[in-house]
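Now for the letters of each chain:
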Amino acid sequence: MSKGKDNKPHIGIYGRRNVGKSSFINALTGIDVAIVSEIAGTTTDPVKKSIEIFGIGPAILVDTAGIDDFGDLGTKRIQKTIQTLEHIDAAILLISNNVFGSFEHKLIEEFNRFEIEYLIIHNKEDLEKLTDETVLQIQQFSKAPIEICSIIKSQNIGEVIELLKITIPETSYQKTSLLGDIIEKNSVIMLITPVDSEAPDGRMILPQAMVIRDVLDNNAVNIVLRETEVEAFFQKTQLLPDLVITDSQAFEYVNKIIPNNIPLTSFSIVYAHMRGPFEDYVNGAQKLSELKNGDRILILESCVHQVSCEDIGRFKIPNWIRKFSGAALEFDIAAGLSEIQKPITDYQLVIQCGGCMITRKQLMNRLKPALDAGIPVTNYGLAIAYMNGILDRVVEPFMKMPINNM
């Protein structure tokens, strides 16, 4: 599966070779986007395709290799198919010819392990109809909805889509407000947006643009300025914002010039609150005080981008942590949704970026191995806030109870 940068819900299509996965995708999208062949094993690497589903909106269909492939190459294809489950919001398990056995059992067990909602479709109904015996076999192993489908006769395509709409978790496609639970109508929100070599020419970065839109959607007022203009703003106006949101990298400076009675947080922390395991993040930040020589830290970036000397994940945060801890530390970077090369137990801390480019499901599954292993996890913004001694202040807008700081 290619390194995802799309926060649309992802729907995986799974099944044995030649059950019609690619044809099924073509039928759903109404266009030939997947290679179709009578030869089993035509699909090798996972393939993604955008689709618009009425009632859900934009989504991504992921076509995968057959789970019954064989040989060394086939084993690698199966591994890639299983890896896609880390990034899937919902799944469709295709079967045909009334075949439901160990391969399907294994897939369902994986769906359950990743807590993925799924439905089962008996495809190629025009060639062989689903029998009551097969239905009973499925129901003994799974409680998932069962539907029949014939691509050739365009049978039940509409019913499959309606069933899919019920199956996809609403949280994967509903537009959740970033700030709706902490700001009110007519609130004045100050957004501090430093411009450095990582900032794209002529436009805002995605987290900043999305927060600006969210403020407008909540009928509040945006004030957008660079950190170098904040002091001048307060000198020239008596207006006090109801909330200040800054780039986390500017915390040290901004914290000094924003009065303590004005709530302060960052873009990264706003995303951590909406998409991440927020309480785990807050607790995990405190691991930064316990690091010792030889400890290894994993930095997770949700997107793939050109690296500069001002890159926050690859240079700034590692350097800040080394200075803060005084320890000789090792850092590894995993960009996009790429595979983590070392065992997760090799790490003493995992630090995730804001995650603005991926879905909550993808982010949570990305962190799941660390959480399951009891390894502390945190977020760029919360880590920076902790090292600046302002963790309490920056989480206060989201929390009813104070969090223990340094």
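The structure reproduced in this document is the subject of the present report. Computed from a prediction, not measured in an experiment: that's the story for all the values here.

1. A short note on the pairing of strand β13 (residues 349-352)
- Of the two faces of β13, the one holding Leu 349 and Ile 351 and the one holding Val 350 and Gln 352 are both buried throughout.
- Across 4 bridges, strand β11 (residues 296-300) lies against β13 in parallel orientation. When the bridges of β13 are listed, Ile 297 appears paired with Leu 349.
- This β-α-β element, β13 to helix α12 (residues 360-372) to strand β14 (residues 377-379), shows right-handed connectivity.

2. Some words on the environment of Met 387
- Considering the arrangement of structural elements, one finds Met 387 in helix α13 (residues 380-387).
- When its relative accessible area of 15% is taken as the criterion, Met 387 is described as buried.
- Sequence-wise, Met 387 and Ile 321 are 66 residues apart; in three dimensions their C-alpha atoms are separated by 7.8 Å.
- When near neighbours in sequence (up to four residues on either side) are disregarded, Met 387 contacts Leu 288, Trp 320, Ile 321 and Phe 324.

3. Details of helix α6 (residues 206-217)
- Between the first and last C-alpha of α6 there are 16 Å, a value that for 12 residues agrees with the 16 Å anticipated at 1.5 Å per step.
- Contacts from the buried residues of α6 go to β7 (188-192), β8 (221-225), β9 (243-246) and α9 (267-275).

4. Regarding the pattern of salt bridges
- Considering all chains together, one arrives at 11 salt bridges under this definition.
- Residues Asp 69 and Arg 77 are paired through a salt bridge, measuring 3.2 Å at the closest nitrogen-oxygen approach.
- A relative accessible area of 17% places Arg 77 in the buried class.
- In this structure, the salt-bridge partner of Asp 372 is Lys 368, at a minimum N-O distance of 2.7 Å. Of the two residues, Asp 372 and Lys 368 both sit in helix α12, 4 residues apart, roughly one turn of that helix.
- The exposure class assigned to Asp 372 is exposed, which follows from its relative accessible area of 55%.
- Salt bridges sharing common partners tie together Arg 296, Asp 332 and Lys 342.

5. Quick word on the environment of Ile 262
- Mapped onto the elements, Ile 262 comes out in the loop between α8 (251-257) and β10 (264-266).
- A residue is classified by how much of its surface remains accessible, and Ile 262, at 3% relative accessible area, is buried.
- Sequence separation between Ile 262 and Arg 393 is 131 residues; the distance between their C-alpha atoms is 9.7 Å.
- Residues in contact with Ile 262, not counting those within four places in the same chain, are Phe 234, Leu 240, Pro 241, Val 244 and Arg 393.

6. Some remarks on the sheet that holds β7
- The sheet built from 4 strands is open, its strands ordered β8-β7-β9-β10 with parallel pairing. The sheet is open, and its two edges are formed by β8 and β10, each paired on a single side. With strand direction ignored, the average angle separating the axes of adjacent strands in the sheet is 25°.
- Note that β9 and β10 share 3 bridges and pair parallel. Bridging across to β10, Ile 245 finds its partner in Thr 265.

7. A few points about the packing of helix α11 (residues 312-325) against α13
- Close contact between α11 and α13 brings their axes to 11 Å; oriented N to C, the two are set at 30°. Of the possible angle classes, the one that applies to α11 and α13 is roughly parallel. In the packing of α11 onto α13, the handedness of the crossing is left-handed. Each of Ile 312, Gly 313, Ile 317, Trp 320, Ile 321 and Phe 324 in α11 lies in contact with α13, whose residues at this interface are Tyr 380, Ile 384, Tyr 386 and Met 387.
- Its residues placed into classes, the contact of α11 with α13 shows 9 nonpolar, 1 polar and no charged.

8. Description of the nonpolar core
- Membership of the largest hydrophobic core comes to 75 residues, with the highest contact counts inside it found for Ile 258 and Ile 321.
- No other element matches α13, which puts 7 residues into this core.
- Those residues within four positions of Ile 258 in sequence are excluded, and the remaining contacts are Met 190, Ile 192, Val 230, Phe 234, Val 244 and Arg 393.

9. Comments concerning the packing of aromatic side chains
- The final tally for this structure, using the stated rule, is 5 aromatic pairs.
- Between Phe 111 and Tyr 118 the ring centres are 5.0 Å apart and the planes differ by 40°, which places this aromatic pair in the tilted class. The two residues Phe 111 and Tyr 118 agree in class, both being buried.
- Each ring, one from Phe 278 and one from Phe 398, has its centre 5.7 Å from the other, and the planes form 65°; the classification is edge-to-face. A residue pair is termed long-range when its members are at least 10 positions apart, and Phe 278 in helix α10 (residues 278-285) and Phe 398 in the segment after α14 (391-395) qualify at 120 residues.

10. Some points on the environment of Thr 84
- Topologically, Thr 84 is positioned in the loop between α2 (71-83) and β4 (90-96).
- Spatially, the C-alpha atom of Thr 84 lies 9.8 Å from that of Gln 362, the residues being 278 residues apart in sequence.

11. Some words on the side chain of Asp 68
- For Asp 68, the position within the fold is in the loop between β3 (57-63) and α2.
- A polar contact of 2.7 Å, which involves the side chain of Asp 68, links it to the backbone nitrogen of Arg 17.
- Leaving out residues up to four positions away in the same chain, Asp 68 has contacts with Arg 16, Arg 17 and Phe 103.

Conventions and cut-offs
- Residues numbered from 1 in each chain as written.
- Predicted model: local features only at pLDDT ≥ 70, side-chain atom pairs only at ≥ 80, totals over all residues.
- Heavy atoms only, no water.
- Buried < 20%, exposed > 50% of the residue type's maximum accessible area, 1.4 Å probe, protein only.
- Helix = DSSP H or I, 4+ residues; strand = E, 2+ residues; numbered from the N terminus.
- Pairing = 2+ DSSP bridges.
- Right-handed = clockwise from strand over helix to strand, strands pointing away.
- Contact = heavy atoms within 4.5 Å.
- Expected span 1.5 Å × (residues − 1).
- Salt bridge = Lys/Arg side-chain N within 4 Å of Asp/Glu carboxyl O.
- Axes fitted to C-alpha atoms, helices over the stretch in contact; angles between N-to-C directions.
- Parallel < 35°, antiparallel > 145°, perpendicular 65-115°, else oblique.
- Left-handed = near helix turned anticlockwise from the far one by under 90°.
- Nonpolar A, V, L, I, M, F, W, Y, C, P; charged D, E, K, R; others polar.
- Core = buried A, V, L, I, M, F, W, Y, C linked by side-chain atoms within 4.5 Å.
- Phe/Tyr/Trp six-rings, centres within 6.5 Å; stacked < 30°, edge-to-face > 60°.
- Polar contact = N/O pair within 3.5 Å; in protein donor to acceptor, adjacent residues only side chain to side chain.

Geometric descriptors of this kind do not, in isolation, establish any biological role.
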